[in-house]
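# What the coordinates show
Residue strings, one per chain:
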Amino acid sequence: MSSDVIVRNVSRRAFLSAGLKAAAGLTLSLALPVQAKVGDAGPGLAGTDKAAAELAPNAFVRIGADDRVTVVAKHLEMGQGTYTGLATLVAEELDARWDQVDVISAPADAKRYNNLLWGAAQGTGGSTAIANSYEQMRRAGAAARVMLLEAAARIWGVDAQTLSAQDGRVFKPGTGLSASFGELADAASRLEVPVEVVLKDPAQFRLVGHPVPRKDIAAKINGSAVFTQDIQRPGMRTAMIARAPRFGAKLKSFDGEKALASSGVREVHAVPSGIAVIADHFWAAKTGRDVLRIEWDESAAFDAGSEAVFKDYATLLDKPGLPARSDGDANEALKDAQGVVRADYRFPFLAHAAMETLGCVIEQQNDGSVDMWYGAQMQTGDQYAVSKVLGIRPDQVRIHTLYAGGSFGRRANPFSDYVVEAAEVLKASGGKTPIKLVWTREDDTRGGWYRAAYMHRIEASLESDGKPAAWRNRIVGQSIVAGTAFESGMTRKGVDVTSVEGAATLPYDIPNLRVELHTTKLPVPIQWWRSVGSTHTAYATETFLDLLAREAGQDPVDYRRALLGESPRHLQVLNLVAEKGGWGKPLAKGRGRGVAVHESFNSYVAMVAEVTVKGSGRYSVDRVVVAVDCGVAVNPDIIRAQMEGGLGYGLSTVLESEITFADGAVRESNFHDYTVLRANQMPEVEVHIVPSAEAPTGVGEPATPVIGPAVANALSSVTGKRYLQLPIRRA
Amino acid sequence: MYELNINGASHRVDAPADMPLLWVLRDLLGLTGTKYGCGIAQCGACTVLIDGVAQRSCVLPVSAVGDGAITTIEGLDGKVGRAVQSAWEALSVPQCGFCQSGQILAATSLLTNNPTPSDAQIAEGMSGNICRCCTYVRIGKAVRKAADDLTQGAVR
Ligand code: FES
Ligand code: FES
């Protein structure tokens, strides 16, 4: 007799009650402490759930009678692989078959789907998705597994302790008793959800640590993956906004007659960020927008050029700033020192330039509530901001999070800028039709919210043995968090920690170390950009360290090693990359190697870059060897992909990308002048992952800041020059 | 009124003459696998095949399409296309995925015209298509794999 038959019969008899649908699945609402942090409890959870007062329901896994396991992802999938990572954690503890697992995105709900590292807000960023979910998702899967085992035990009349689960089935070893998860789901759905579960010993992991295939691949190679642009709603119209050419300009007057006469244009409205054209489709909206006549009041608008900005910043480099770190007395030590080494760095504004331009679909319902479809990265903030515009409650803003065609920080706007715009357009048009707000590439490139421009000055003196005796790093630039909801949490004694991260956290053993910040104000809107402060601090500190090594006549790897006594994880990736990258091996003439090591978001990355310098200063980056320590490697293939992509993203800014201003207007507009890395510029990449049992940390950002200094150091090794400014167009 | 031959079927569309094929596909016909990335022939997100050759649909007015056979990602079939898609899957190429329809069609066009490209020819041939997630390492390997699979008869 087949065990399937037993299960079906017994389960129907024992558990099906009238009025319950046979297809009812198992949806677990798990009670979890809101403040749970990774590391609270390792394998074996006993005793960690005592904060009963803070318990809130969560829902992350569903198992259907059809044997499908659906993982509800609370984080935005923007390419970093989080759907796969979250599902891996659930499936691991559930003992599901990987191919029976589907992933859907969670509805916006700060109570159930908050980022555990952010308190009561749902959102994705700071490379926190796996870090904050590691235990939460594992518990979700483990609880479901316990219930399935218990259901089988009751059906079979045996002790649950004697049962096992594997590959989507529960069985009693040595008996032939076996049932699929789908067959047990209904029965299990009637059981109590366990409050405490025992997690696997990592030694038993079958999925975590293995390169399981991504869950989003099929849809992304056959064109069926749905992005914001792809949403069609009945009666929907497309909106485009003409924005001011200079930041800080205000609308004086506009004439929409010609636009309204343009084919397919339905409405023209003034909205807070400009003039909105509402039309039948993209082409009609764009054609209509092109013939708008608008006068702007630019009396208070930004009117400077990039050079003037840097000139102002350079004068601040001469003045002491607010201290962000002070060990020993660097000022005193530098005052009397001989042969102080000094370098001034400058970093331009940068656009995120995700492949998918910004956009948002919004639809109003009869009760005034709205549905929104887009690649939402900060659902809770977006709900709040939209609710204010429309005069409704945040829970009346239902967000359907879609795949995002990249973000790199841009979609996590602290003011929900483009989401609010969609709501403003909807409001201006009276909410009568669904609206798809689209940004063109030009809108996206010129729309601000850039990585801010920064300058650094680093000065150092050396001991007689060549080690740094004193190091002073002054940083000048705008604050990302000033004026945002993040300001109080991310400012320490007047210092925006995102402006100095990577510099104030310098891992090297230097007795007199001082880091200072000047926070500037400009009307140019700025925002986090993949790896945030490290985008500039890693470059300045790691190229400067090479300058010191050269000054001391020492090998850059040895020089760092001697200073990393207090930073074993930095040292480990450095040693690994030096070994794998063939550090010290001879190279052909014109070729060079450079090294850099940096921690961001608690992940440690070191790189050795190989370059070739050709005639007239042209150069290529040929090969990059990466060593990364991100704790437990949940999916090694995704980690590799993020190292490849992350360093490629950073390499664009080394080679060519920059946003510049002329008379207050952004010069660049599209990929012909905001140029980015292309296939023929991509180096070979080799990634080595440090085996680790530490809690997992993020991999979306930490590769990005390391490539710049590795390449610059490699170029310096060939040319002997300093590279104090990005991009480096000529070696 | 234009009559377009898309993925083997005939479609009649009422569109202004200057409307790029991209928006006809996306906004009038609901074929949203073809993406907008720049609108000025810089990024390749809008790549479609016309008579087997990669074209930028964002700068191709519908009036200039004529009776060419248009293939979008939704209709990609044939030996080369299937080889490219399966290599893409085997190497987990996509990250955000937004550029990938264009990448896959560009790769299909490349291998159709040159079944045995060198690595340098692959890098050059694919450099018209931007990937902001910088999946270029895997794109290169996947085109190589598709070429090898095709020459070794591993694809049906
Ligand atoms: S959208 Fe056509 S090339 Fe970019
Ligand atoms: S996969 Fe994201 S742009 Fe290519």
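Residues numbered from 1 in each chain as written. Chains lettered and ligands numbered in written order. Predicted model: local features only at pLDDT ≥ 70, side-chain atom pairs only at ≥ 80, totals over all residues. Heavy atoms only, no water.

## Overview of the overall build of chain B
- What chain B contains, in helices and strands, is five helices and five strands.
- Its helices and strands taken in sequence order, chain B reads β-β-α-β-β-β-α-α-α-α from the N to the C terminus.
- Relative to a compact globule of 156 residues, whose C-alpha radius of gyration would be 15 Å, chain B shows 15 Å and is just as compact.
- Taken over the C-alpha atoms alone, chain B extends approximately 45 × 30 × 20 Å along its principal axes.
- The proportion of buried residues among the 156 residues of chain B is 56%.
- Residue pairs in contact within chain B that sit at least 24 positions apart in sequence constitute 58% of those at least 6 positions apart.
- Accessible surface, chain B: about 5600 Å² in total, of which carbon and sulfur atoms supply 48%.
- Charge separation in chain B, taken as the distance between the mean sites of 12 positive and 13 negative side-chain charges, equals 9 Å. (Helix = DSSP H or I, 4+ residues; strand = E, 2+ residues; numbered from the N terminus. Rg over C-alpha atoms; globule rule 2.2 N^0.38 Å. Buried < 20%, exposed > 50% of the residue type's maximum accessible area, 1.4 Å probe, protein only. Contact = heavy atoms within 4.5 Å. Areas by Shrake-Rupley, 256 points an atom, 1.4 Å probe, with all protein chains shown as cover. Lys, Arg positive; Asp, Glu negative; His and termini not counted. Charge placed at Lys NZ, Arg CZ, Asp CG, Glu CD.)

## Considerations on the sheet that holds strand E4 (residues 53-56) of chain B
All names here are of chain B.
- Spatial strand order, E2-E1-E5-E3-E4: five strands in an open sheet with mixed pairing. In this open sheet, the two strands that pair with only one neighbour each are strand E2 (9-13) and E4. Taking the axes of each pair of neighbouring strands and ignoring which way they run, one obtains an average angle of 40 degrees across the sheet.
- The sheet contact formed by strand E3 (residues 47-50) and E4 spans four bridges and is antiparallel. Paired with Thr-47 across the strands is Arg-56, a residue of E4. (Pairing = 2+ DSSP bridges. Axes fitted to C-alpha atoms, helices over the stretch in contact; angles between N-to-C directions.)

## Remarks on unusual backbone geometry
- With omega at -5 degrees, the peptide bond leading from Leu726(A) into Pro727(A) counts as cis.
- Structurally, Pro727(A) can be placed in the segment after helix H20 (704-719).
- Positive phi is not limited to glycine here, since Asp95(A) has a value of about 65 degrees.
- Along the chain, the position of Asp95(A) falls in the loop between helix H2 (82-94) and strand E4 (101-105).
- A positive phi angle, near 50 degrees, is found at Asp51(B), a position not held by glycine.
- Of note, Asp51(B) is situated in the loop between E3 and E4.

## Side note on the pattern of salt bridges
All names here are of chain A.
- Here the structure, examined in full by the defined rule, presents 58 salt bridges over all chains.
- Between Asp-167 and Arg-206 there is a salt bridge, with the nearest N and O atoms lying 3.6 Å from each other. Residue Asp-167 is located in the loop between strand E5 (164-166) and strand E6 (169-172), and its partner Arg-206 is located in the loop between helix H5 (181-188) and helix H6 (217-221); the two are separated by 39 residues in the primary sequence.
- Where Arg-293 meets Asp-255, a salt bridge forms, and the shortest distance between an N and an O atom there is 3.6 Å. Remark: Asp-255 occurs in strand E9 (residues 250-255) and Arg-293 occurs in strand E12 (residues 293-297); sequence separation between them is 38 residues. (Salt bridge = Lys/Arg side-chain N within 4 Å of Asp/Glu carboxyl O.)

## Brief notes about the domain arrangement of chain A
All names here are of chain A.
- By the assigned domains, chain A splits into domain 1 (6-216), domain 2 (228-299 + 358-438) and domain 3 (306-350 + 449-719).
- Using C-alpha coordinates to define each centre, domain 2 is positioned 37 Å away from domain 3.
- Contacts between the two partners involve 13 residues from domain 2 and, on the opposite side, 18 residues from domain 3.
- Taking both sides of the interface into account, the surface hidden between domain 2 and domain 3 amounts to around 1300 Å²; carbon and sulfur atoms contribute 66%.
- Considering only the surface of domain 2 that becomes buried against domain 3, Phe-247, Phe-408 and Pro-414 emerge as the three largest contributors, covering 50% of it.
- Inspection of the region where domain 2 meets domain 3 yields zero salt bridges.
- Of the residues assigned to the side of domain 2 that touches domain 3, the class counts are seven nonpolar, two polar and four charged. (Domains from an automatic or database assignment. Buried area = accessible area lost by both parts, 1.4 Å probe. Nonpolar A, V, L, I, M, F, W, Y, C, P; charged D, E, K, R; others polar.)

## What about helix H16 (residues 534-552) of chain A?
- Given a rise of 1.5 Å per residue, 19 residues ought to cover 27 Å, and the 26 Å separating the end C-alpha atoms of H16(A) matches this to within 8%.
- With 16 of 19 residues buried, H16(A) is to be regarded as a mostly interior element. (Expected span 1.5 Å × (residues − 1).)

## Observations regarding the interface of chain A and chain B
- With 53 residues of chain A at the interface, the matching set in chain B holds 48 residues.
- Approximately 4200 Å² of surface area, both sides summed, lies buried where chain A meets chain B, with 58% of it carried by carbon and sulfur atoms.
- Counting the surface chain A buries against chain B, the share from its top three residues, Ile221(A), Trp283(A) and Met355(A), is 19%.
- Our count for the chain A to chain B interface comes out at four salt bridges.
- Where chain A meets chain B, there are 23 residue pairs in polar contact (both at pLDDT 80 or more).
- Elements represented by at least two residues in the side of chain A that touches chain B include exactly H6, helix H8 (282-290), helix H13 (441-446) and helix H19 (636-655) of chain A.
- With nine residues, H19(A) is the single largest residue contributor to the side of chain A that touches chain B.
- Broken down by class, the residue content of the side of chain A that touches chain B amounts to 23 nonpolar, 18 polar and twelve charged. (Polar contact = N/O pair within 3.5 Å; in protein donor to acceptor, adjacent residues only side chain to side chain.)

## A short note on the layout of surface pockets
All names here are of chain A.
- One number sums up the size of the second largest pocket: a volume of about 1300 Å³.
- Along its surface, the second largest pocket is lined by 47 residues, and Arg-243, Ala-244, Phe-247, Gly-447 and Pro-525 are the ones closest to its centre.
- Elements with a contribution of two residues or more to the lining of the second largest pocket: strand E8 (237-242), E9, H8, E12, helix H12 (417-428), H13, strand E23 (512-520) and strand E28 (665-666).
- Tallying contributions element by element places H12 first for the lining of the second largest pocket, with four residues.
- A breakdown of the residues in the lining of the second largest pocket according to their chemical character gives 25 nonpolar, nine polar and 13 charged.
- Counting contributing residues, the lining of the second largest pocket receives three or more from each of domain 2 (228-299 + 358-438) and domain 3 (306-350 + 449-719). (1 Å grid on protein atoms, 1.4 Å probe; cavity = no way out; pocket = protein on both sides within 12 Å on 5 of 7 lines; lining within 4 Å. Points joined across faces, edges and corners; volume = space filled by probe spheres on them.)

## Section: empty space enclosed by the protein
Residue and element names in this part refer to chain A.
- Using the criterion set out here, one finds nine cavities of 30 Å³ or more in the structure.
- Taken as a whole, the largest cavity holds about 120 Å³ of empty space.
- Taken together, the elements giving at least two residues each to the lining of the largest cavity come down to H16, H19 and H20.
- Considering each element in turn, the lining of the largest cavity owes the most residues, five residues, to H20.
- Of the residues belonging to the lining of the largest cavity, the class tally is nine nonpolar, six polar and one charged.

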